[in-house]
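# A closer look at the structure
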Amino acid sequence: ALPISRAWSRVLSMVQRVTYRRRKSFATKSNVVRKVRTPGGKLTLQYVGKQAKRTGCGESGCDRPLSGIKAHRPQELKRISKRQKTVSRPYGGAKCGKCVRTRIIRAFLIEEQKIVKKVLKAQTAEQPKK
């Protein structure tokens, strides 16, 4: 046997084996861990949660993330208050500002078009009388 110096024996004794703390023993997306040394000098595993994705616009064809709303996992969304999940405007927390603007403009133009049709119809009704 080779003689091992004190420094090397300390390094070799410091290497600790770590095992998963939960039942799942496979390296899946939900089982990602980070090695952390505790204040007591023990090496343990800390579970890393999944990366949260920002809430997107509900309008079909629009995949912009909603401004003013932070990224949360679904369980977290249940826990947090309503004011953290919405913004104060029509469709706030459901549709982005750009889509809301286009909706308002479209509704206004449709109403204007109806009024123009009504006026033209009234004018054509008056024409034969003269």
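This text goes with the structure placed above it.
Below is a summary of the structure that appears in this document.

Turning next to the pattern of salt bridges. Overall, the coordinates contain two salt bridges when judged by the stated rule. Measuring nitrogen to oxygen at the nearest pair gives 3.3 Å for the salt bridge that ties Glu59 to Arg103. Taken together, the positions of Glu59 in the loop between strand 2 (43–47) and helix 2 (74–79) and Arg103 in helix 3 (residues 97–126) put the pair 44 residues apart, joining distant regions of the chain. A relative accessible area of 21% places Glu59 in the partly exposed class. Residue classification places Arg103 among the partly exposed residues on the basis of a relative accessible area of 31%. The closest approach of N and O atoms between Lys114 and Glu111, which form a salt bridge, is 3.5 Å.

Turning to the packing of aromatic side chains, a few remarks are in order. Taken as a whole and assessed by the stated rule, the structure comprises zero aromatic pairs. Sitting over the face of the ring of Tyr47, Arg22 holds its NZ or CZ atom 3.9 Å from the ring centroid.

Two strands pair when backbone bridges link them, and strand 1 (residues 33–37) and strand 2 are joined in this way by five bridges, in the antiparallel orientation. Bridge pairing in strand 2 links Val33 to Tyr47. Counting the residues that bridge the hairpin from strand 1 to strand 2 gives five residues, and of these Gly41 lies at a positive phi of roughly 90°.

What follows deals with a nonpolar patch on the surface. On the surface, Ile105, Phe108 and Leu109 cluster together into a nonpolar patch covering about 310 Å² of accessible area. Looking at the element boundaries, Leu109 is found in helix 3. Assessed through its relative accessible area of 49%, Leu109 is described here as partly exposed.

Rules used in this analysis
- Numbers given to residues run from 1 along each chain, matching the order in which its sequence is written.
- In keeping with the predicted nature of the model, local features appear solely for residues at pLDDT of at least 70, side-chain atom pairs appear and are counted solely at 80 or more, and the whole-chain, interface and lining totals rest on all residues.
- Side-chain descriptors were evaluated using all non-hydrogen atoms of the structure, hydrogens and water having been removed beforehand.
- The salt bridge definition used is simple: a Lys or Arg side-chain nitrogen within 4 Å of an Asp or Glu carboxyl oxygen.
- For helices the rule is a DSSP run of H or I covering at least 4 residues; for strands it is a run of E covering at least 2, with both sets numbered from the N terminus onward.
- Each residue's exposure class comes from its accessible area (1.4 Å probe, protein chains only) as a fraction of the maximum for that residue type: buried when under 20%, exposed when over 50%, partly exposed otherwise.
- Each Phe, Tyr or Trp ring (for Trp, its six-membered ring) is paired with any other whose centre lies within 6.5 Å, and the angle between the two planes then decides the class: stacked below 30 degrees, edge-to-face above 60, tilted in between.
- For a Lys NZ or an Arg CZ to count as sitting over a ring, it must be within 6 Å of the ring centre and within 35 degrees of the ring normal.
- By this definition, two strands are paired if DSSP reports at least two bridges between them.
- What makes a patch is a set of residues exposed beyond 30% relative accessible area and free of salt bridges, joined within 9 Å when like-charged and within 5 Å when nonpolar (Val, Leu, Ile, Met, Phe, Trp, Tyr).
- Surface accessibility in these figures is a Shrake-Rupley result with a 1.4 Å probe; residues are shielded only by whichever protein chains are displayed.

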